[in-house]
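The chain contents come next:
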Amino acid sequence: MDSPACGPGSAVTCAVSPVTVGFIIRCSRVAPSSATPAKPQYALIALLRLWFACRRAQQAGRPVEAPVVHMGDSLLADALTDLRAEVVVANFPFGIHEWGHDRLAYDPRWVYGMPPRTEPELAWVQHALAHLCAGGTAVVLMPPAAAQRPAGRRIRAELVRRGALRAVIALPAGLMPPAGIGLQVWVFTQPDEHQPPADRVLFVDAAAADRPLVDLIGTAWHDHRSGRSADVPGVHRSVPAIEVLDDQVDLTPQRYLPPPGDLVADPIRTLATLTGLDRQLEEIRHGLPKVRPATATALRIAPQASLADLVRSGSMSILRAPSRARSAHAGVESTVLTSADILSGGPPTGVADRTADYDDTSRVRPGDLLIPVGGREIVARVATPDQVGADLGPGVQALRIDPARFDPWFVAGVLSRTDNRRVAGRASSTGSGGLRIDLRRLTIPVLTLHDQQEYGHAFRQLAGLRAALERAAATGATLAREISDGLTSGTLAVHVDRSG
């Protein structure tokens, strides 16, 4: 058992009783900031609490080894990098933005995405997952804001999509400090490559129940893990992952737990949703580019040019995030694009301070190509109107092209092609399944501007197709739930065509 952030050990002590194997406890309830130094008294209190808990377990006949407490900053200075535990229990520090974002930009623990500066809790979550063995379980305390902040939606989506997040439990306010906030418990399982990923997430609102918390949460979790559907309206529900993966990826339990009276489907609304899905599917069909079989095309036989050569020639330039002010008084606040913003096509969600010598040439301009520095594939997107004028954030790079020589949609399409990914993968694998993308190593075909524009039109249609498919998937998931609820509640009936 491992705790990368346990403070005085309250949460960890509660977790010792059901654990019947030896464990190591690492104590690090400090943020990576000189303003919040490590507290030796916390380590001592945690050690004493755990020692007494172990003694009680041993007297009850359970083989539990003596605890080991390490004091320090396990996020910035991980002393146990090879540790893989079956259970991780942690109470992370909340809301501290100086957690080491700049020093850990390419850390191999960021399997689910580079945490934005404003999302320290998602950095700690990935740290906990990095110390889980396959099939292991992590239970962490989280602030409710972490479930819905826009900057963290990309990482939340990956945690859900890959089956790592298993449950989100909203606790009653006053259960622990800060007393005025109802904190949340997030439960994770380290995905096992030999098992299919989990496709459902359990949401529990413990504040809405009239049963003891241990009984309520324990029963709901047991039913969820065993695959039984024992949902209680307004209290807990096992939700399909696809229903969570919308444009917000809001993990607030109450969002998925409507009151019992709201579960009756509105047939008018359901039919309107059905009509809307038909319209979306029709738009998707007409949005496909027209293609035909071919043995040789201008794109296929075109010579290749490396971006390094094109940059040297002045046809393109590669931009990175500007330097940042070290304090809130050293610069002017600006909006910042994150990797998640690029992938979602949404407006900038980050905030940073510009230095006094800030150069605004790195602001996003129309026609710029935006590419995350890291990821599992190369994603090049043309800047949207909402993104123009924003600054580049850490982990984001831009390719600025000469519009008299290159079509931005064409360049974005060919940069994302599969063979360029292989080049980037060989050149800069991070060891965690992701890539660190060096644009200078990539190549693009050399075509006339007219030919580029023809291909660029098709690539632009495909970008719209991907966005439309994501919207249709979310609408389809909502529609399936509404029809199911309508059939079971009796507000909808199966239409049988007996004319034939």
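Everything in this summary refers to the structure shown in the same document. Only a predicted model underlies this, so the values are computations on that prediction, with no experimental measurement involved.

Calculation rules
Residues numbered from 1 in each chain as written. Predicted model: local features only at pLDDT ≥ 70, side-chain atom pairs only at ≥ 80, totals over all residues. Heavy atoms only, no water. Helix = DSSP H or I, 4+ residues; strand = E, 2+ residues; numbered from the N terminus. Contact = heavy atoms within 4.5 Å. Areas by Shrake-Rupley, 256 points an atom, 1.4 Å probe, with all protein chains shown as cover. Buried < 20%, exposed > 50% of the residue type's maximum accessible area, 1.4 Å probe, protein only. Pairing = 2+ DSSP bridges. Lys, Arg positive; Asp, Glu negative; His and termini not counted. Salt bridge = Lys/Arg side-chain N within 4 Å of Asp/Glu carboxyl O. Polar contact = N/O pair within 3.5 Å; in protein donor to acceptor, adjacent residues only side chain to side chain. Patch = residues over 30% accessible without salt bridge, like charges linked within 9 Å, V, L, I, M, F, W, Y side chains within 5 Å. Core = buried A, V, L, I, M, F, W, Y, C linked by side-chain atoms within 4.5 Å. Axes fitted to C-alpha atoms, helices over the stretch in contact; angles between N-to-C directions. Expected span 1.5 Å × (residues − 1). Phe/Tyr/Trp six-rings, centres within 6.5 Å; stacked < 30°, edge-to-face > 60°. Lys NZ or Arg CZ within 6 Å of the ring centre and 35° of its normal.

Thoughts on the overall build of the protein chain
The secondary structure content of the protein chain amounts to 13 helices and 19 strands. Taking contacts inside the protein chain between residues at least 6 apart in sequence as the whole, the part at least 24 apart equals 73%. Accessible surface for the protein chain amounts to roughly 25000 Å². Of this, 56% is attributable to carbon and sulfur atoms.

Concerning the pairing of strand 5 (residues 165-170)
Counting buried positions along strand 5 yields 6 of 6 residues, so the element is predominantly enclosed. Of the pairings in the sheet, the one linking strand 5 to strand 7 (residues 200-205) comprises 4 bridges and is parallel in character. Residue Val168 lies in a different strand from strand 7, and its bridge partner there is Phe203.

Remarks on the environment of Leu343
Relative to the helices and strands, Leu343 is located in helix 10 (residues 339-344). Each residue touching Leu343, except ones within four places of it in the same chain, is listed here: Arg154, Pro372, Val379 and Arg381.

Here's the deal with the side chain of Arg156
In this fold, Arg156 is placed in helix 4 (residues 153-161). Among buried charged residues, Arg156 stands out as having no salt bridge; its nearest opposite-charge side chain is Glu119, 4.8 Å away. Reaching out from Arg156, the side chain makes a polar contact with the backbone oxygen of Gln248 at a distance of 3.1 Å. Not counting chain neighbours up to four residues away, the residues in contact with Arg156 comprise Ala146, Ala147, Gln148, Arg149, Trp186, Gln248, Val249 and Leu251.

Side note on the pattern of salt bridges
Considering all chains together, one arrives at 14 salt bridges under this definition. Here Arg161 and Glu158 are joined by a salt bridge, their closest N and O atoms 2.5 Å apart. Of this pair, Arg161 and Glu158 are both found in helix 4, 3 residues apart, which corresponds to roughly one turn of the helix. For Arg161, a relative accessible area of 44% corresponds to the partly exposed category.

Some details on a nonpolar patch on the surface
Taken together, the side chains of Leu487, Val494 and Val496 define a hydrophobic patch exposed on the protein surface, amounting to about 270 Å² of accessible area. If you trace the backbone, Val496 turns up in the segment after helix 13 (449-489). Of the residues examined, Val496 reaches a relative accessible area of 46% and is grouped as partly exposed.

Focus: the nonpolar core
Counting 38 residues, the largest nonpolar core has Leu159, Leu165, Trp186, Phe188 and Leu251 as the members making the most contacts within it. Within the residue set of this core, elements represented by two or more residues are strand 3 (85-91), helix 3 (120-130), strand 4 (132-142), helix 4, strand 5, strand 6 (184-189), strand 7 and helix 6 (241-244). At 6 residues, helix 3 tops the list of elements feeding residues into this core. Other than its neighbours up to four places away in sequence, Leu251 contacts Ala147, Arg156, Val160, Leu165, Val168, Trp186, Phe203, Val244 and Tyr256.

Let's talk about the sheet that holds strand 17 (residues 396-401)
Read across the open sheet, the 4 strands follow the order 10-17-13-15; overall the sheet is antiparallel. The open sheet is flanked by strand 10 (316-319) and strand 15 (381-382), the only strands paired with a single partner. Both strand 13 (residues 369-372) and strand 15 contribute to a ladder of 2 bridges, which runs antiparallel. Opposite Leu370, over in strand 15, you have Arg381 as the bridge partner.

As for the sheet that holds strand 5
Read across the sheet, 6 strands follow the order 3-4-6-5-7-8 without closing on themselves; strand pairing throughout is mixed. Single-partner strands in this sheet number two, and they are strand 3 and strand 8 (236-240). Each strand of the sheet is rotated relative to its neighbour by a mean of 15°, with strand direction disregarded. Across 6 bridges, strand 4 lies against strand 6 in antiparallel orientation. Residue pairing in the sheet places Ala138 in a bridge with Phe188 of strand 6. Against the sheet, helix 3 touches strand 3, strand 4 and strand 6, its axis set at about 150° to strand 4.

Brief notes about helix 5 (residues 213-226)
Over its 14 residues, helix 5 runs 20 Å from end to end, which matches the ideal 20 Å to within 8%, given 1.5 Å per residue. Where the residues of helix 5 are buried, they touch strand 5, strand 6, strand 7 and strand 8. Within two residues after helix 5, Gly227 carries a phi angle of roughly 85°, on the positive side.

Quick look at the packing of aromatic side chains
For the structure on display, the rule yields 5 aromatic pairs. Aromatic pair Phe92 and Trp124: ring centres 5.4 Å apart, planes at 25°, arrangement stacked. With Phe92 in the loop between strand 3 and helix 3 and Trp124 in helix 3, this pair connects stretches of sequence that are 32 residues apart. Here the two residues Phe92 and Trp124 agree in accessibility, since each one is buried. Ring centres 6.4 Å apart and planes at 50° place the aromatic pair Phe410 and Tyr455 in the tilted group. Taken together, the positions of Phe410 in helix 11 (residues 408-415) and Tyr455 in helix 13 put the pair 45 residues apart, joining distant regions of the chain. Classification of Tyr455 as partly exposed rests on a relative accessible area of 23%. In this structure, Arg109 packs its charged tip against the face of Trp110, placed 5.6 Å from the ring centre.

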